[in-house]
Amino acid sequence: MNIIKTMNPLLLSLALATCATATWAAQEAPFSNPVEVQLIRNATVKIDFAGTTFLVDPMLAAKSAWPGFEGTYRSELRNPLVELPFSVDDVLNSVEAVVVTHTHLDHWDDAAQKLIPKNLPVFVQNEADAKTIRDQGFKDVRVLSDSTTFNGVTMKKTGGQHGTDLLYANDVLAESLGQAMGVVFSAPESKTVYVAGDTVWRPEVSAVLEQEKPEVVILNTGTALLTGYEVHPIIMGKQDTRQAYESAPQADIVAVHMDAVNHMSLSRKELREFVNEQKIQDRVLVPEDGESMKF
């Protein structure tokens, strides 16, 4: 403090400017590698992260390729509800690894199984899913752990639950819903990305946000519903989007998994209206199919 007091005004201003620049540089330096997230369709996202391109939960079928999910909201509609925004070749271009959070058809469909090169690494949640995908002809299937490294990227499997406790108290529903994981991507000089996966808001989700402090959070927010259980969604929705916004003040929230399969009851239009009403649009993004975002 005494040194600053004895500086002439010019030197003092230069010193303060240098200090401010150094502080800004220290804040910016850790994120010198930009992250690009592209929504393909539904929960299918392409993530360019620390020099590696990951494809998450590929659903690659043409519009109306298979029936609606029995026992779910609007099951009379055929899936997918919309076409891919561009060709499968464009989707798969530059992809170096695939992440399958679980093997439900809207996250790993027959078209993906057929069209994705069998030698690409595929990361899954457990040995049961690994066996399923190996039996489909894939040669390099790996089970994620608390710390799995690929091309310098650390991937961490995270927990959740594909529905409320009431649904999982029913053995038949619990077996149908099964298990699903989330994934945290981290690397030096890159923002941390958290893909929550097919889960409702759970203590596991809160723990990831608190402990990992991701700068980018991708949420499946279509409020998917089972017939007869309309107050018990099996993935997140409007209020969960707001909760993520409040729980992760450092993060941009990317909302996906809407407008593409029959049992989604929340549309992008409705979520955008909610986001604007709540005045949280500064950090909540609701992209269109094919839209890319850089962070």
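The rules behind these values
- Residues numbered from 1 in each chain as written.
- Predicted model: local features only at pLDDT ≥ 70, side-chain atom pairs only at ≥ 80, totals over all residues.
- Heavy atoms only, no water.
- Helix = DSSP H or I, 4+ residues; strand = E, 2+ residues; numbered from the N terminus.
- Buried < 20%, exposed > 50% of the residue type's maximum accessible area, 1.4 Å probe, protein only.
- Contact = heavy atoms within 4.5 Å.
- pLDDT = per-residue confidence, 0-100.
- Arc of directions from axis to C-beta.
- Core = buried A, V, L, I, M, F, W, Y, C linked by side-chain atoms within 4.5 Å.
- Pairing = 2+ DSSP bridges.
- Axes fitted to C-alpha atoms, helices over the stretch in contact; angles between N-to-C directions.
- Phe/Tyr/Trp six-rings, centres within 6.5 Å; stacked < 30°, edge-to-face > 60°.
- Lys NZ or Arg CZ within 6 Å of the ring centre and 35° of its normal.

Turning our eyes to something else, we now look at the overall build of the protein chain. For the protein chain, the helix and strand inventory stands at 10 helices and 14 strands. Within the protein chain, buried positions represent 49% of all 295 residues. For the protein chain, the share of sequence-separated contacts (at least 6 apart) that also reach a separation of at least 24 residues comes to 64%.

Let us look at the confidence of the model for the protein chain. In the predicted model, the protein chain carries a mean pLDDT of 92, and 90% of its residues have values of at least 70. In this model, residues 1–29 is a region of pLDDT below 50 whose contacts with residues beyond four sequence positions or in other chains number 4 contacts.

So, on to helix H5 (residues 127–135). Within H5 the residues assigned to the buried category are Asp129, Ala130 and Ile133. For H5, the arc enclosing every buried residue in end-on projection is 105°, short of the 170-degree limit, so these residues lie on one face. Exposed positions of H5 whose direction lies more than 90 degrees from the buried face are Glu127, Ala128, Lys131 and Asp135. Of the surrounding secondary structure, the elements contacted by the buried residues of H5 are strand E5 (122–124) and strand E6 (141–143).

Leu60, Val98, Trp108, Ile116 and Ile133 are the most contacted members of the largest nonpolar core, which has 34 residues in total. Those elements that place two or more of their residues in this core are helix H3 (88–92), helix H4 (110–115), E5, H5 and helix H7 (171–177). What Ile133 contacts, discounting residues up to four positions off in sequence, is Val100, Thr103, Trp108, Val122, Val124, Phe138 and Val141. One finds Phe123, Val195, Val216 and Met293 within the second-largest nonpolar core, a separate group that totals 27 residues.

We now examine the sheet that holds strand E4 (residues 97–99). Pairing is mixed in the open sheet, where 7 strands are placed in the order E6-E5-E4-E3-E2-E1-E14. The sheet terminates laterally at E6 and strand E14 (292–294), the two strands that pair on one side only. The average undirected angle you get between the axes of adjacent strands in this sheet is 25°. Sheet topology places strand E1 (residues 36–41) next to strand E2 (residues 44–49); 5 bridges connect them, and they run antiparallel. Note that in E2 the partner of Leu39 across the bridge is Val45. Contacts from H5 reach E5 and E6 within the one sheet, and its direction differs from that of E6 by about 175°.

Time to look at the packing of aromatic side chains. Here the structure, examined in full by the defined rule, presents 6 aromatic pairs. Ring geometry for Phe123 versus Phe150: centroids 5.5 Å apart, planes at 70°, classification edge-to-face. Here Phe123, found in strand E5, pairs with Phe150, found in strand E7 (residues 148–150); they are 27 residues apart in sequence, far enough to count as distant. Of the two residues, Phe123 and Phe150, neither departs from the other in class, the shared state being buried. Members of the aromatic cluster, joined through ring pairs, are Phe49, Phe54, Phe123, Phe150 and Phe185. When the ring centre of Phe31 is taken as origin, the NZ or CZ atom of Lys191, which lies over that ring, is 5.9 Å away. Arg283 extends its terminal NZ or CZ atom over the ring of Tyr245, reaching a point 3.8 Å from the ring centre.

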